[in-house]
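Descriptive structure summary
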Amino acid sequence: MKSKEKILVVGSSNTDIVINTDHFPQKGETVIGYGFMTNRGGKGANQAVAASRLGGNVIFVGKLGKDRLGKETIAALQKEKIDLSYLKITDKAPSGVALITTFPDGDNTIIVNPGANSLLSPNDIRDAETAFTTSKILLMQLEIPVETLTEAARIAKKYGSYVVLNPAPAPKQPLPKELLKNVDILIPNETEAEQIFGVTFKDKDSVKQAMVSMESLGVKDVIITMGSKGVLARINGTILGIPACKVEAVDTTGAGDTFCGALCVSLSQGNSMEESIRFANTASSISVTRRGAQMAMPYLNEVKEAVSI
């Protein structure tokens, strides 16, 4: 693999604490749960793992606490063959933790304590500048400070990298134009897209209208993932719709991260955007048939097998 085909992921890493329950508890209500487990998570680490399992040459830049959870995360990411040369450790905050509740229909709720993730700074990104010189694609999310993302995007464009931003969790404040002007493609889900574009998606026409409005934000292209309704993209001004793969969803945790990681792998290998979306769609559909985030993410042979069926 050529050095400039590397995928640089800048983002968060968490330990997921997961429990299943039959319905969402109301205020003051206690419900009985089952199927407790812990899992490696965090949107940045998730996307790095997804990309690596699918054949990507991945570098991960993030920050962990100097604690047991941080050590366990490092060991897990090393097993996934991810380059951690630029990972930072701090004693000023614990490693990030996410509390996840999953439901029988595959939906979930998540509460995140970012911990060390919130301390990943623009200076940390500048310290990792060498990583940008060998990376073809930069992949980011919104679980680290926005000023850190802005600096990463700036440096990435300096070295001619393709910048991918997954705006998740949905931003509470408008994303700065200084960041968006350096983003080549934005990949929100429906909820995130509604928040960013300030619209309500009633049908595909309203989704398309939102895609047109993104030009005022300075973003070049957009892909909106819509779960069982498939994917709608606007690439170079052309609208592209791709249906969802039909599967029985068990847990949607990490599905969007799998999609983003898979898309970047395919693009890094020179495939077209449509081919890459279809590849990512298939990988994501496999992940929702299993419980957990990273533990549910497929390997390349599984995606190839699913495509050939």
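Remember, it's a predicted structure, so these values are computed and weren't measured experimentally. (Residues numbered from 1 in each chain as written. Predicted model: local features only at pLDDT ≥ 70, side-chain atom pairs only at ≥ 80, totals over all residues. Heavy atoms only, no water.)

Considerations on the sheet that holds strand β12 (residues 221–225)
Rule in force here: The criterion for strand pairing is that DSSP finds at least two bridges linking the strands in question. Strands are runs of DSSP state E lasting at least two residues, helices are runs of H or I lasting at least four, and both sets are numbered from the N terminus onward.
A sheet is described by the order of its strands in space; here eight strands give the open sequence β4-β1-β9-β10-β11-β12-β13-β14, paired in mixed fashion. Looking at strand neighbours, the two that pair on one side only are β4 (58–61) and β14 (238–242), the edges of this open sheet. Here strand β10 (residues 162–165) pairs with strand β11 (residues 185–186) via two bridges, running parallel. Paired with valine 164 across the bridge in β11 is isoleucine 185.

Side note on the state of the cysteines
Definition in use: The disulfide definition used here is simple: a pair of cysteine sulfur atoms within 2.5 Å. Burial here depends on accessible area, computed with a 1.4 Å probe over protein chains only, as a share of the maximum for the residue type. Under 20% is buried, over 50% is exposed, and the range in between is partly exposed.
Applying the stated criterion across every chain yields a total of zero disulfides. A disulfide-free cysteine, cysteine 245 has its sulfur positioned 16 Å from the sulfur of cysteine 260, the nearest such atom. On the basis of relative accessibility, which here comes to 31%, the residue cysteine 245 falls in the partly exposed class. Sulfur of cysteine 260: no disulfide; nearest cysteine sulfur belongs to cysteine 264 and is 6.9 Å away. You can call cysteine 260 buried: its relative accessible area is 0%.

Remarks on the packing of helix α1 (residues 43–53) against helix α9 (residues 255–268)
The following threshold applies: To get an axis, fit a line to the C-alpha atoms, keeping to the stretch in contact for a helix; angles then go from 0 to 180 degrees between the N-to-C directions. What sets the label is the angle itself: under 35 degrees gives roughly parallel, over 145 gives roughly antiparallel, 65 to 115 gives roughly perpendicular, and the rest give oblique. Crossing handedness follows the turn of the near helix against the far one: under a right angle anticlockwise gives a left-handed crossing, and clockwise gives a right-handed one. Should any heavy atoms of two residues lie within 4.5 Å, those residues are considered in contact. Amino acid classes used here: Ala, Val, Leu, Ile, Met, Phe, Trp, Tyr, Cys and Pro are nonpolar; Asp, Glu, Lys and Arg are charged; the rest, including Gly, are polar.
Where α1 meets α9, the closest approach of the two axes is 8 Å, and the angle between their N-to-C directions is 45 degrees. Classified by the angle between their axes, α1 and α9 sit oblique to one another. Both α1 and α9 take part in a crossing whose hand is right-handed. Residue-level inspection shows Lys43, Asn46, Gln47, Ala50 and Ala51 of α1 in contact with α9, the latter providing Asp257, Thr258, Cys260, Gly261 and Val265. Taken together, the residues of the contact of α1 with α9 sort by class into four nonpolar, four polar and two charged.

Describing α9
To keep it simple, the criterion reads: Given a helix with a known number of residues, its expected span is that number minus one, times 1.5 Å.
Here α9 spans 20 Å end to end across 14 residues, near enough to the 20 Å set by a 1.5 Å rise per residue. α9 sits mainly inside the fold: 13 of its 14 residues count as buried. The first or second residue beyond α9 is glycine 270, which carries a positive phi of 90 degrees.

Considerations on the pairing of strand β2 (residues 14–21)
Among the eight residues that make up β2, six are buried, leaving the element largely enclosed by the rest of the structure. Pairing analysis gives seven bridges linking β2 to strand β3 (residues 33–41), with the strands arranged antiparallel. Counted as the bridge partner of asparagine 14 is glycine 41 from β3. As paired elements, β2 and strand β7 (residues 96–102) share seven bridges and run parallel to each other. Considered in β7, the bridge of aspartate 16 is made with alanine 98.

Focus on the pairing of strand β1 (residues 6–10)
Among the five residues of β1, five are classified as buried, and the element is accordingly described as predominantly covered. Alternating residues of β1 divide into Lys6, Leu8 and Val10 and Ile7 and Val9, and every residue in both groups is buried. With five bridges connecting them, β1 and strand β9 (residues 135–140) associate as parallel partners. From the neighbouring strand, leucine 8 faces β9, where its bridge partner is leucine 138.

Overview of the pattern of salt bridges
To keep things clear, this is the line we draw: In the sections that follow, a salt bridge refers to a side-chain nitrogen of Lys or Arg positioned within 4 Å of a carboxyl oxygen of Asp or Glu.
Evaluation of the coordinates by the stated rule reveals 15 salt bridges. One salt bridge in this structure joins glutamate 190 and lysine 229, with 2.9 Å as the shortest N-O distance. With glutamate 190 in helix α7 (residues 190–197) and lysine 229 in the loop between β12 and β13 (231–235), the pair connects residues that are 39 residues apart, well separated along the chain. Across the pair arginine 290 and glutamate 302 runs a salt bridge, and its minimum N-O distance is 2.3 Å. On the criterion of sequence distance, the pair formed by arginine 290 in the loop between α10 (273–287) and α11 (300–308) and glutamate 302 in helix α11 is long-range, its members being twelve residues apart. Its relative accessible area of 27% is what places arginine 290 among the partly exposed residues. Judged by relative accessible area, glutamate 302 falls into the partly exposed class, the value being 23%. Three or more residues joined by partner-sharing salt bridges are found here, namely Lys63, Lys88, Asp124 and Asp127.

Points about the side chain of serine 276
Threshold: Counted as a polar contact is a pair of N or O atoms within 3.5 Å, where, for protein atoms, one must be capable of donating a hydrogen and the other of accepting one, and residues adjacent in sequence contribute only when both atoms are in side chains.
Assignment of secondary structure puts serine 276 in helix α10. The buried category is assigned to serine 276, whose relative accessible area is 0%. A polar atom in the side chain of serine 276 sits 3.5 Å from the backbone nitrogen of leucine 267. With residues near it in sequence (within four places) discarded, serine 276 still touches Leu263, Ser266, Leu267 and Asn271.

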